[in-house]
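As a plain string of letters, each chain reads:
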Amino acid sequence: MNPHFNNERRHPGDIPARVYARLDSVEQIEEQYLVIGIDTVSADSADRFMDRALSTDWTLGDLIARQRPDGVREPPQPDGLGMYHDLALGQLEILLTREEAFFTFGADVFSTQSSDWLEIELGPGLVGAREGLFYPNLFAEALTTPVGRISAAEPSLAASLQQAFSMKSWPRHSPDQLEPHLQSVRADVWAVYDVGQGSANGLVAQNGPVTLMHDIGCGVYRNAKTRPTGLVLCHTSPAAIILSHWDTDHWAGARAFAPSGNREVFLQRTWIAPHDLTIGPRHIAFAASILEAGGTLVILEPGAWKSNPIVLSDGRSLTLIQGSGHDRNGRGIALEVTDRSPRRRWLMTGDVDYEYLAPHLASNYVGVAVPHHGARPMGAKPPRPSVPYARLAYSFGPDNSFAHPRTESLAAHAAQGWDLGAWATAHDVANVAGGEVLATARRAPSSNHLRAAVIGWQGPPTPKTMPPCGATCSAALHQS
């Protein structure tokens, strides 16, 4: 596995003088300022990687194509996937005004749609440099670095980088081919895990293990501090993982929350993920780590769609909805779970705003995971709460850098009839909300984690101060 993903190795690495990069994320933190997240790989290590890749007779797409539904595949060339270990990966963050971001990255910056490859100079002595933060590891402290010239890669180099770090050739599947991977799922209760500034949800059998995950993320980079310590997620059964989208805070918990005796246990699962041509070297290297661990990758076809209902082993049904948005968040995969009574539903959104799911949504839900950790909503109204029981889940990290959840999110849900408890009037998320809200944290300096929550179908389940399956994880469900 590439050391960038290793949560046991947090010491700073060297800052490369030149990197190849792709725009990865844009977050507004104040009215006029944006945090630009850039996925980087050192030019030297990428050049060596591309030279080596040209001499192999297989690609990641070939390995994925050889998988069978049970996850068995032909082994790669000896030490083949090991070349992904040697990529010097990093995350560069720059604080810019909207005008500076537009000038530097172009109009696409605001939708993070740019597929351009960049070359960036880092280090002292650069003319016209601005300050940036460089993260050599998902959980490392940031290193301050001057950021010099940011330019588009030459066309021939960009084509080589795109060939080496893209899922363009990976086989794609219809969502209606997923039944073999999901037929053993049970959805007696829904667990919303406290993972810091990230997202992780589990469909859980009654008094049993997690049977399906929707994301398995955690706080990373500038929000690594929001990650709870000592958490081990349920790993009793080989539950598949549906990845809503490829943002790092939605998959980094696969390493961070694995048991110390088996750090690859979640990588060995079946991962169902969207097709995304905007991802960069970090995400490709993570996909390689899944294959190297013996996991299975099922990449779903692009476009806005809603799957046919998949009947689960407990008689409930699961529907996948891929958003109609124009960026990685808006094209993510949401889950709708329907109880045996079709009037009762749960909705897990990932980072997909209701705006991009609206044609497919019911008018009300028993449980809803608020999109994008409570970021500012788009135009569509949230669904209403079911009566007499409903829960609204906010997953965010304490004192997170993005000021999630936003007042606009609270107001939009309150206007649709959700009981926000102590958040209803002053929208002070430094308090514990109560009402119909289940939040994983309070947004206040040095605030405590509120720990995982559980959502039922007809009333609040009894909280579990011990893991429901009684196994070796620490994922107890303290809130309901």
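In short, a report on the structure. On a predicted model such as this, the values are computed, not experimentally measured, just so you know. (Residues numbered from 1 in each chain as written. Predicted model: local features only at pLDDT ≥ 70, side-chain atom pairs only at ≥ 80, totals over all residues. Heavy atoms only, no water.)

For the rest of this paragraph, the subject is the sheet that holds strand E3 (residues 89-97). An order of E1-E2-E3-E5-E6-E4 is seen for the six strands of this closed barrel, with the pairing classed as antiparallel. Averaged over all pairs of adjacent strands, the angle between strand axes in this sheet comes to 45 degrees, irrespective of strand direction. Pairing of E3 with strand E5 (residues 130-135) involves three bridges; the strand directions are antiparallel. Following the sheet pairing, Leu-92 is matched in E5 by Phe-134. (Pairing = 2+ DSSP bridges. Helix = DSSP H or I, 4+ residues; strand = E, 2+ residues; numbered from the N terminus. Axes fitted to C-alpha atoms, helices over the stretch in contact; angles between N-to-C directions.)

Next up on the list: the packing of aromatic side chains. Overall, the coordinates contain eleven aromatic pairs when judged by the stated rule. Judged by centre distance (5.7 Å) and plane angle (80 degrees), the ring pair of Phe-5 and Phe-286 falls under edge-to-face. In this pair, Phe-5 is assigned in the segment before strand E1 (18-28) and Phe-286 in helix H7 (residues 281-292), connecting sequence segments 281 residues apart. Exposure class is identical for Phe-5 and Phe-286. Each is buried. Each ring, one from Trp-251 and one from Phe-286, has its centre 3.9 Å from the other, and the planes form 20 degrees; the classification is stacked. Of this pair, Trp-251 sits in the loop between strand E10 (240-242) and helix H6 (253-256) while Phe-286 sits in helix H7, and the two are 35 residues apart along the sequence. (Phe/Tyr/Trp six-rings, centres within 6.5 Å; stacked < 30°, edge-to-face > 60°. Buried < 20%, exposed > 50% of the residue type's maximum accessible area, 1.4 Å probe, protein only.)

Attention shifts here to the sheet that holds strand E23 (residues 453-455). Strands sit in the order E12-E11-E10-E9-E8-E7-E23 across an open sheet of seven strands; the sheet is mixed. Here the strands that pair on one side only, and so sit at the sheet edges, are strand E12 (296-300) and E23. Across the sheet, the mean angle separating the axes of adjacent strands is 20 degrees when strand polarity is ignored. Where strand E7 (residues 189-192) lies against strand E8 (residues 200-204), four bridges are found, and the strand directions are antiparallel. Note that in E8 the partner of Val-192 across the bridge is Asn-201. Where H7 meets the sheet, its contacts fall on strand E11 (270-274) and E12, and the angle it forms with E12 comes to roughly 135 degrees. (Contact = heavy atoms within 4.5 Å.)

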